[in-house]
Amino acid sequence: MRIFLPMDSAAKALGAEDVAAALRAAAPEAEIIRTGTRGMIWLEPLIEIERDGVRYGFGPVEPDDVAGILDGTSPKALGPVEELDWMKRQTRLTFARVGVIDPLSLREYEAHGGLTGLRRALAMTGQEIVDTVKASGLRGRGGAGFPTGIKWQTVHDADGPQKYIICNADEGDSGTFADRMLMEGDPFTLIEGMAIAGVGVGATRGYVYLRSEYPDAITVMTSAVEIARAAGVLGKDVLGSGKAFDMEIRKGAGAYVCGEETSLLNSLEGKRGVVRAKPPLPALQGFLGRPTVVNNVISLATVPVILEKGAQHYADFGLGRSRGTVTLQIAGNVSRGGLFETAFGISLGEVVMDLGGGTRSGRPVKAVQVGGPLGAYLSVTEFDTPLGYEELDAAGGLIGHAGLTVFDDSTDMLGKARFAMEFCAVESCGKCTPCRIGAVRGVETIDRIAEGDTAALPLLADLCETMQDGSLCALGGFTPFPVMSAVTRFPDDFARHKEAAE
Ligand SMILES: Cc1cc2nc3c(=O)[nH]c(=O)nc-3n(C[C@H](O)[C@H](O)[C@H](O)COP(=O)(O)O)c2cc1C
Ligand code: SF4
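Thresholds applied
- Residues numbered from 1 in each chain as written.
- Chains lettered and ligands numbered in written order.
- Predicted model: local features only at pLDDT ≥ 70, side-chain atom pairs only at ≥ 80, totals over all residues.
- Heavy atoms only, no water.
- Helix = DSSP H or I, 4+ residues; strand = E, 2+ residues; numbered from the N terminus.
- Buried < 20%, exposed > 50% of the residue type's maximum accessible area, 1.4 Å probe, protein only.
- Contact = heavy atoms within 4.5 Å.
- Areas by Shrake-Rupley, 256 points an atom, 1.4 Å probe, with all protein chains shown as cover.
- Lys, Arg positive; Asp, Glu negative; His and termini not counted.
- Charge placed at Lys NZ, Arg CZ, Asp CG, Glu CD.
- Near = heavy atom within 4 Å.
- Polar contact = N/O pair within 3.5 Å; in protein donor to acceptor, adjacent residues only side chain to side chain.
- Nonpolar A, V, L, I, M, F, W, Y, C, P; charged D, E, K, R; others polar.
- Pairing = 2+ DSSP bridges.
- Right-handed = clockwise from strand over helix to strand, strands pointing away.
- Salt bridge = Lys/Arg side-chain N within 4 Å of Asp/Glu carboxyl O.
- Axes fitted to C-alpha atoms, helices over the stretch in contact; angles between N-to-C directions.
- Core = buried A, V, L, I, M, F, W, Y, C linked by side-chain atoms within 4.5 Å.

(A) Layout of the overall build of the protein chain. A tally of helices and strands in the protein chain yields 23 helices and 16 strands. Along the three orthogonal principal directions, the C-alpha set of the protein chain runs to about 70 × 65 × 40 Å. The proportion of buried residues among the 502 residues of the protein chain is 58%. Nonlocal contacts in the protein chain, meaning residues at least 24 apart in sequence, comprise 70% of its contacts between residues at least 6 apart. Roughly 19000 Å² of accessible area belongs to the protein chain as shown, and the carbon and sulfur atoms make up 52% of that amount. The average position of the 49 basic charges and that of the 65 acidic charges among the side chains of the protein chain differ by 5 Å.

(B) Representation of the site of ligand 1 within the structure. By nearness alone, 19 residues border ligand 1, and Gly142, Asn168, Asn295, Asn296 and Ser299 come closest of all. Here an oxygen atom of ligand 1 and a side-chain polar atom of Ser299 are 2.6 Å apart. When ligand 1 is considered free in solution it has 610 Å² of accessible area, and contact with the protein chains removes 91% of it. Within the shell around ligand 1, the residues separate by chemical class into four nonpolar, nine polar and six charged.

(C) Layout of the site of ligand 2. With respect to spatial proximity, 13 residues lie near ligand 2, and among them Cys429, Lys431, Cys432, Cys435 and Cys473 are the closest. Class assignment of the residues belonging to the shell around ligand 2 gives a composition of eight nonpolar, four polar and one charged.

(D) A look at the side chain of Ser428. For Ser428, the position within the fold is in the loop between α17 (413-427) and α18 (433-436). From its side chain, Ser428 meets the backbone nitrogen of Gly430 in a polar contact 3.1 Å long. Non-local contacts of Ser428, meaning those with residues more than four positions away in its chain, are made with Cys435, Arg436 and Leu475.

(E) Local environment of helix α8 (residues 148-157). Turning to α8, its buried residues are Thr148, Gly149, Lys151, Trp152, Gln153 and Val155. In this fold, the buried residues of α8 make contact with α7 (126-136), α10 (187-201), α12 (261-268), β9 (292-296) and α13 (297-309).

(F) Molecular detail of the pairing of strand β8 (residues 246-251). Bridge analysis of strand β7 (residues 205-210) against β8 gives six bridges, and the strand direction is parallel. Looking across to β8, one finds that Tyr207 is bridged to Glu248. Between the parallel elements β7 and β8, the chain passes through helix α11 (residues 215-230) in a crossover that is right-handed.

(G) Up close: the pattern of salt bridges. Applying the stated criterion across every chain yields a total of 31 salt bridges. When the shortest N-O distance is used, the salt bridge between Arg38 and Glu82 registers 3.0 Å. In this pair, Arg38 sits in the loop between β2 (31-35) and β3 (47-51) while Glu82 sits in the loop between β5 (77-80) and α4 (85-88), placing the two residues 44 residues apart along the sequence. The exposure class of Arg38 is buried, given its relative accessible area of 3%. Residue classification places Glu82 among the partly exposed positions, given a relative accessible area of 45%.

(H) Geometry of the environment of Lys76. Tracing the backbone through its elements, the reader meets Lys76 in the loop between α3 (66-70) and β5. Its relative accessible area of 21% is what places Lys76 among the partly exposed residues. Along the sequence, Lys76 and Asp65 sit eleven residues apart, while their C-alpha atoms lie 8.0 Å from each other.

(I) Up close: the environment of Asp316. Looking at the element boundaries, Asp316 is found in the loop between α14 (311-315) and β10 (318-319). Judged by relative accessible area, Asp316 falls into the exposed class, the value being 54%. For the pair Asp316 and Gly137, spaced 179 residues apart in sequence, the C-alpha to C-alpha distance is 9.6 Å.

(J) Here's a closer look at the sheet that holds strand β14 (residues 365-370). Pairing within the open sheet is mixed, and its five strands lie in the order β13-β12-β16-β14-β15. A strand with exactly one partner marks an edge of an open sheet, and here the two such strands are β13 (338-343) and β15 (377-379). Sheet twist, expressed as the average angle between the axes of neighbouring strands with direction ignored, equals 30 degrees.

(K) Region of interest: the nonpolar core. With 63 residues, the main nonpolar core has Trp152, Met183, Val208 and Leu210 as its most contacted residues. At nine residues, α10 tops the list of elements feeding residues into this core. Here Val208 is in contact with Cys167, Ala169, Met183, Met194, Met221, Met247, Glu248, Ile249 and Arg250, once residues within four sequence places are set aside. Judged by nonpolar contacts, the second largest core, of 34 residues, contains Ile449, Met467, Ala486 and Phe494.

Encoded structure:
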């Protein structure tokens, strides 16, 4: 009997290790395969038992449920996992293997299509690889949505004795976890994507700057790199091609701003994580002053499937200039939270109400923050907004790393605006005045409004304009999004304090 159980840290946090121990005790003869998560976090720990090639799910499982699951009487039976609505409605390209295979089995990785993209890339010129990524329409999934192929072209064309591929795995946005799930559930995909990037632009070294708060991902990625090197996927002669690419894992410094690419580069060089002025672009003078690709985990991990299935296959999904799939991370006060990969274009309302099932508290939804701590709060009147870079921009928001955090009607939006300013003040690298001083003044101004001084509202708007226009990076520049979206969409929450003070 083959039993699958995630070893993803979300599943572990929900008790997967106790379930594993109960399974080993009750069925010592069974083969227990630890996987990543399918992304249905409300069902974790999710056990899958394979019968006649079909995997039947049970969840959320507690150790006491194991006996019933094994003798076929469990009320937690969910039926075939692939037939569940959440799974059937997805287009899993980047996450195709996550939750399916043992993350550290290179054999299984290859059996499920792994390394096909790299093998194709090794038979191409660097320019052909870059052209393929350009044609796919892939845009950076770290936040800014910059076309990945164009960034690669700059590094490809740059002269230099040494170029680098840096994977940004700092994943500091609240409510996001796609990078972690990918690294814990299918690390070879990221390694393969980085190797393709290296061969494409002529870089022989790579680093993953991995968030220190992700110890499981660090362990899995470190082992995967060792396995890949031992198998000749990494090293001086990648898959016998004569081309070199090797990489290592570096632990992040634990600051939100170290996710900003130039601050990340400073941190990686052993310096303080302070943002650098641009130009020069990292693509021309990045790590140690050399031409450097800095890409998000999901951007890089999507490259293998583009090379495997072709640029057009990928570009055929999506909406407008947002091509391919988006790895939505649904979190906060929501009934069904987790990871859902789908073509760009799905509406915000469909994600929150239909997939997410509305709030966990059962109260009406009040706001959804899209795009992490620098993203706008959208209201239910904007539920028709399709999820795409330009579409979110038109609605006054941003898609960012595609995290969606749901809040119910008991939420005080003035408190959320204050939190955004306070977050910026705490996390500011201090390099520029609008952010360093502005965020502190922002907290003070919101406190005045909370005390009933609504005359301070125009001052807050002015301050946000200064931060937006004058900040060096998006931490100070985008904090006005959550702040002003709360003010403009939920004005009652800012006036109510005045009434209370009177
Ligand atoms: C304050 C701040 C934090 C950021 N944090 C991250 C992060 O954790 N992960 C990430 O991939 N990009 C982050 N970014 C975006 C990066 O600067 C950069 O745009 C990205 O790594 C480029 O990769 P991509 O083109 O694949 O998205 C952050 C940006 C800012 C301003
Ligand atoms: S906006 Fe803030 S985080 Fe960004 S460079 Fe200026 S001080 Fe640093």
